[in-house]
Every structure is written in structure tokens, then in C-alpha cells.
Amino acid sequence: MKKLFILTFAVLFSLNLLAQEKKEAVTLIKNVNIFDGKNERLIPGSDVMIEGNMIKEIGKNLSFQGATVIDAQGKTLIPGLTDCHTHIMWNADIEELIYSAPEGYVGALAALNAENMLMRGFTTVRDMGGPSHGLKKAIDEGAIPGPRILPTGAFVSQSSGHGDYDSRMFYLSNHFTGQIDKAYIRGWTIIADGVPEVQKATREILRAGASQIKIFGSGSITGAHDPLDVTEYTIEELKAIVKEAEHWGTYAAIHAYSSESIMNALEAGVQSIEHGLFASEEAFQLMKEKDAFFSTQFLAFSLTPEEAGMKGPAVPKYLEAQAGAAKGYELAKKIGVKMTWGTDILGSYELAKLQNQEFVARSKYFSGFEILKQATSNNAELFERSGKRHPYQEGPLGVITEGAYADLLLIDGNPLEDIKLLADHEKNIQLIMKDGIVYKNTLGK
Ligand SMILES: [Zn+2]
């Protein structure tokens, strides 16, 4: 017994030493102009001290014995970028991913996509659907490089909805035959109809570790069956999903184009409207009233169908969404809803390389400051709606402040004056730090 005690003590003692060692790693970034994620005015000529994975102190002429010093030469320090609408696992045709690709292939492409995202400056993403839990675990453990992930896991979709990916027009429903859909086995979609089924689906998704729930609430571009104008789920079903999410202290987001689906979702308490481009003025007003986020994309609707990787029946639906996009953007701006920053670029990791072009696509509608705030503190505010299901609880994300996570980028130039700098990330993002670890440093090169 005594031996066990000594052994336990020794283990605890060495763990404690390890923790102290980690804590004592200090990095000092000297001479930066700081965009703090919220204010348009840069904080000039500052130093930032990072202890472990957190920002410890911000001030002038800081010093610390034994710190690793980075001389930033008066460049701009901004919070790590965030993307609130990714599908980090979706790097091939969805039918291939679900029904035929070996799972190792799906995972390998996702690992590559994750590393690329981090190296483009994205330190946190809210993943809006797909089996990303394993990838997140490997990244959080430090096994592979990648952004922090707020995972969704499987989508909740009705029969014939966006997530009903089996493209056969006539087949015996899984529901009635007792067959199990591979989309369910592989963690992409749970098809659920009626209140009890959506409750069960939501509970299963939460059990798997979701930070938020993603509902498919209207027709889609890439869905196998549903035209874009279709409204999916009843208000009772939506309310049941929201309630389950709320029981777990989190919220639901919804893929919704039609005005009716957006109105239903807002009435049911959904807090994040994805795409939402056909929302009426009334729907945008309700979004504002309910303090919901408008999580739309700009680049994804400004490409040609070929560039966006659209095929077959997706092409006319893509063009239809594109035609409605400008009106949606203008109404959102006019009414002043809460804008997030997200891309929804999916289908191949090559295509995902366009991610930073979203900054350029938005510059038609917003100032550099507005866009950068969307991509940092606005998104972080949305992530906070996950409450205790937010995986990163040690401090705030998307801001540069004492006590925040040390997720930082150093930009050659001022992105508030020229947001397009971020599109050429290879050249202009000179330092990438996530969780206190430097992943890129080209200063002085
Ligand atoms: Zn999406």
C-alpha cells in the first residue's frame, strides 16, 4: 500500500513538473501593431508575451529571462483566422465518400486538408457536417497539424432532404426495410422524420461529441433529390431539435435557402442560418430580432459551375442560388444582421485552396475592418453559443487580449487597409502560431 502511495506520488509529482515545464515556455513577440479582433484602431508598437498556449501579457518594452524572442519589425499582428462553415472531411464526391471510398482515404485527404487550412492562417473552424471527430482528436493531441475544430458530426436530414444522399430515384427505403444506410454508419447523415426520430437523431449526434447541431432545412445544390425551393422539416420537428440541443447547452444551425424554411427555423429558435440567400426582408428582420447569425458565403456563389466543381443536376441549382445571392447580401447589409465569415468550399482539397479568396469576394460589400472582424471575433461570438459544448474553454478565441488563446498571425502590411493581402497567404502571412506553437515563420527570410 505504501509502495503504491509512493508510486502515485512520484507520478503526480512528475506530471506536475511536466505541466510546469509546459507553462514556463515563454515566447515574446516584439514590436507589433495589433488588430485585437474587435477595434478598428490598431494598438501600435506593442510586445506580446505568450506563456504556454495563452497570451500572458501585452505591453511596451516587455522582457522575460529565457524567452524565445521574435522581432516582428513593426508588422501587423492579428488573431488567427476562423472559418465558421467548413466541411473539412468532404474532399471528394459525396457519394464516393459515403458509399465507396475506403475510410482511410477519407481520413488521409482530411488530414491533408486540415494541415493546408492551418498553413493558410486558419486556427479554428466550425465544421458544419461530416465525421470530423477523429480528425479533431488527432489535431488536439498534436499528432497532426490542423485548426481547432468545433465539430458537428452527422447532419440531421429528412427523407428526400439534402442529406438523403442515395442517388437512386426508386429504392426501398432504409426505414421500411431495416437496411442501414452507409451515410449513417460512416457518420455523415442521420435521416430522421417526425418528432421522436429527430429527438433520437439529435441525442445521438450530441453523444458523439458535437459542438452544435446542423439541420438540413431546405432544398440544396448538391443534394440528390431536393429542388432548391423546397422547405424541409415542420416547425414542430425543428423545435424538437432545438430543444434537445438546448438541453445540452448548445444550439442548432440550419442549411436554409427558402424564406419559409428560414422563418420556421427562427421561430423554432435556430441560431445560425447557413446560406439563407433567398430570405425575404421580413425573414432578415426576424433574424435580427432573434439575434441569430447570418452565416452565408460570398466566394462559393461567385464562381462558375465548373470552378465550383458542380456536375449534372447541381449546375442549374447552383446558377439559381447565384442569381439570388446579390439580393440576399444587400438585404443582410441593409438590415444589419450579425455577419459571420465562412466559405463552405467542399468537394476537393484542391478546391479548398480557394479559401482565402473569400476575403476578396467580400470586399465588394464590406470594408477590410468589417471583413477581418467577421473572420475573427464575430465568428468567435457564434462559437460561444456552443456553451459548455465548446471544446476550447481556457480563454477566448478570435481576439488578442491577455488571457486569450495564443492563436496569432503576423501580416506583412495592414490587412485593414488592404484585405486582399490575406488572399496571398504564402507571401503575406509570415508567422502562424496556434496554441502557442509556431507552425510558420518566414521573418527575415
Ligand atoms: Zn455546408
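This text gives an overview of the structure that appears in the document. Source: prediction; values computed, not measured.

Before going further, it helps to examine the coordination of the zinc ion. Distances from the zinc ion to its protein donors, His-85 (NE2), His-87 (NE2) and Asp-344 (OD), fall at 2.0 to 2.4 Å. Positions of the donor residues of the zinc ion, expressed as sequence spacing, correspond to H-x1-H-x256-D. Taken as a pair, His-85 in strand 5 (residues 81-86) and Asp-344 in the loop between strand 14 (338-339) and helix 12 (357-362) lie far apart in primary sequence, 259 residues in all.

This part is about helix 4 (residues 133-140). Because each turn of an α-helix spans 3.6 residues, side chains separated by three or four positions in sequence point in the same direction. Those residues of helix 4 that sit buried are Leu-135, Lys-136 and Ile-139. Relative to the axis of helix 4, the buried residues are bounded by an arc of 100° and lie together on one face. Next to the buried residues of helix 4 lie helix 3 (103-119), strand 7 (148-150) and strand 16 (429-434). One or two residues past the end of helix 4 sits Gly-142, with phi positive at roughly 85°.

Scanning the model with the defined rule gives 15 salt bridges in all. Between Lys-30 and Asp-47 there is a salt bridge, and its shortest N-O distance comes to 2.8 Å. With Lys-30 in strand 1 (residues 26-34) and Asp-47 in strand 2 (residues 43-51), this pair connects stretches of sequence that are 17 residues apart. Residues Lys-334 and Glu-281 are paired through a salt bridge, measuring 3.0 Å at the closest nitrogen-oxygen approach. One end of the pair, Lys-334, is in helix 11 (residues 314-335); the other, Glu-281, is in helix 10 (residues 281-289), and 53 residues separate them in sequence. Overlapping salt bridges bring together Asp-291, Lys-338, Glu-381 and Arg-385 as one network.

Here we take up the sheet that holds strand 6 (residues 122-127). If you walk across this open sheet you meet the 3 strands as 5-6-7, and the pairing is parallel. If you trace the sheet from one side to the other, it starts and ends with strand 5 and strand 7, each paired once. Neighbour-to-neighbour, the strand axes of this sheet turn through a mean angle of 20°, independent of strand direction. Note that strand 6 and strand 7 share 3 bridges and pair parallel. Across the sheet, residue Thr-124 finds its bridge partner in strand 7, namely Arg-148.

About the thresholds
Residues numbered from 1 in each chain as written. Predicted model: local features only at pLDDT ≥ 70, side-chain atom pairs only at ≥ 80, totals over all residues. Heavy atoms only, no water. Donors = N, O, S within 2.8 Å, 3.2 Å for Na, K, Ca; no water. Helix = DSSP H or I, 4+ residues; strand = E, 2+ residues; numbered from the N terminus. Buried < 20%, exposed > 50% of the residue type's maximum accessible area, 1.4 Å probe, protein only. Arc of directions from axis to C-beta. Contact = heavy atoms within 4.5 Å. Salt bridge = Lys/Arg side-chain N within 4 Å of Asp/Glu carboxyl O. Pairing = 2+ DSSP bridges. Axes fitted to C-alpha atoms, helices over the stretch in contact; angles between N-to-C directions.

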